[in-house]
Amino acid sequence: MTQKDSYEVVVVGGGTAGLSAALVLGRARRRTLVVDAGEPRNAPAAHMHGYLSRDGMPPAEFLALGREEIARYGVELVRDRAVDVGKDGDFAVALASGRTVHARRLLIATGLKDELPAVPGVAERFGRDVLHCPYCHGWEVRDQAFGVLATSPMSVHQALMVTQWSKDVTFFLHKVSEEELSDDDLRRLATAGVKVVPGEVTGLVTQDDRLTGVGLADGTTHHREVLFVAPRAVPQTDLLRRLGAELRETPFGAYPVVDETGLTTVPGVWSAGNARGFAEQVVNAAAGGYRAGSTINGELLMSDLDATVRV
Ligand SMILES: Cc1cc2nc3c(=O)[nH]c(=O)nc-3n(C[C@H](O)[C@H](O)[C@H](O)COP(=O)(O)OP(=O)(O)OC[C@H]3O[C@@H](n4cnc5c(N)ncnc54)[C@H](O)[C@@H]3O)c2cc1C
């Protein structure tokens, strides 16, 4: 192992969570490497919302600023993908490029992938007028004609939530049958004024690169300007699994069991951001990264002091 490949901390994932941790670690003078594959979750969106003082900023610009900030404190960042990890004394992280880097502590901030419903047009328009999160984009499309594509009976919750942003909401049952909805669901939908339309959605209609309608298998088209969907969340926990971290099943995927600092059940391994939990928005990811980074620094300090005392 060369000194060049040996770090105190390796952060896997250079999205908001990873960069936030790296900023703290760099400022705490820790030799830190960020390994980032460069595919942040919110890349399809032109603007990021709900982050105090950065509301409306393009996500790519936000991350570019973060990369500039960590570089000021000597943190290294490589565009690469961690493909394997093991522990033999230190952690050894194998990268797709063939390089192996070593670290005393690891932060896994690899985010999650959104698996979109297989309806033609949905993937192409995701982040523009096909949306998943009203907190991220609801204000920008307020009072427009909304559709909500059911992917499971849980989509009722999304159909009800978006009525906070428009009173014109159509809930497309798609492959869910009305019998799968509870009496409470149906009562709430009716009270909220949500129109329920049965039948499979087969495609989207656009004009001048804007959504204008939702097409059904029976040949009808419903005029809609925005379609909300619920992607299946696929947390990027492969490295955590390889390390033997305990995961817990949730309705939104399996996430690591962590304490409040993001420490997983594997000593020396932390997790932050969407790799740690489904509900982590950008501001939460930044906060979780900060917390994990500062905890890692403190833990390294104490463990070195204890090792010195023992000698
Ligand atoms: C369309 C869309 C719009 C959104 N808009 C908003 C919004 O307006 N406001 C808001 O608060 N939230 C928004 N979000 C949620 C936001 O994307 C997440 O909260 C945020 O990205 C979480 O940050 P993260 O650092 O955990 O993960 P990410 O930003 O996804 O970063 C993870 C990074 O890790 C890298 N990576 C993964 N695996 C590896 C590996 N093995 N080796 C190396 N690198 C790896 C990825 O390539 C990526 O660069 C939006 C999400 C979507 C899908």
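Turning our eyes to something else, we now look at the environment of P117. Looking at the secondary structure, you find P117 in the loop between β7 (112-115) and α3 (122-125). Apart from the residues within four sequence positions on either side, P117 is in contact with V122, L149, T151 and V229.

Moving on: the sheet that holds strand β9 (residues 146-149). Taken in spatial order, the five strands of this open sheet run β8-β15-β9-β10-β11, and their pairing is parallel. Each edge of the sheet is formed by a strand with only one pairing partner; in this case those strands are β8 (130-131) and β11 (195-197). Inspection of the sheet shows β9 paired to strand β10 (residues 169-172) by four bridges, in the parallel sense. Among the inter-strand pairings, G147 is bridged to a residue of β10, identified as T170.

We now examine the site of the ligand. The full set close to the ligand counts 34 residues, and D36, E39, H49, N274 and E280 are the nearest of them. The side chain of D36 places a nitrogen or oxygen atom 2.7 Å from an oxygen atom of the ligand. Burial of the ligand by the protein amounts to 97% of the accessible area it has alone, namely 990 Å². Per-class residue counts for the shell around the ligand are 13 nonpolar, 14 polar and seven charged.

Quick look at the pairing of strand β4 (residues 82-88) now. In terms of strand pairing, β4 meets strand β5 (residues 90-95) through six bridges, oriented antiparallel. Bridge assignment links K87 to a residue of β5, and that residue is F91. Counting the residues between successive antiparallel strands, the hairpin from β4 to β5 contains one residue, one of them, G89, with a positive phi of roughly 80 degrees.

How each quantity is defined
- Residues numbered from 1 in each chain as written.
- Predicted model: local features only at pLDDT ≥ 70, side-chain atom pairs only at ≥ 80, totals over all residues.
- Heavy atoms only, no water.
- Helix = DSSP H or I, 4+ residues; strand = E, 2+ residues; numbered from the N terminus.
- Contact = heavy atoms within 4.5 Å.
- Pairing = 2+ DSSP bridges.
- Near = heavy atom within 4 Å.
- Polar contact = N/O pair within 3.5 Å; in protein donor to acceptor, adjacent residues only side chain to side chain.
- Areas by Shrake-Rupley, 256 points an atom, 1.4 Å probe, with all protein chains shown as cover.
- Nonpolar A, V, L, I, M, F, W, Y, C, P; charged D, E, K, R; others polar.

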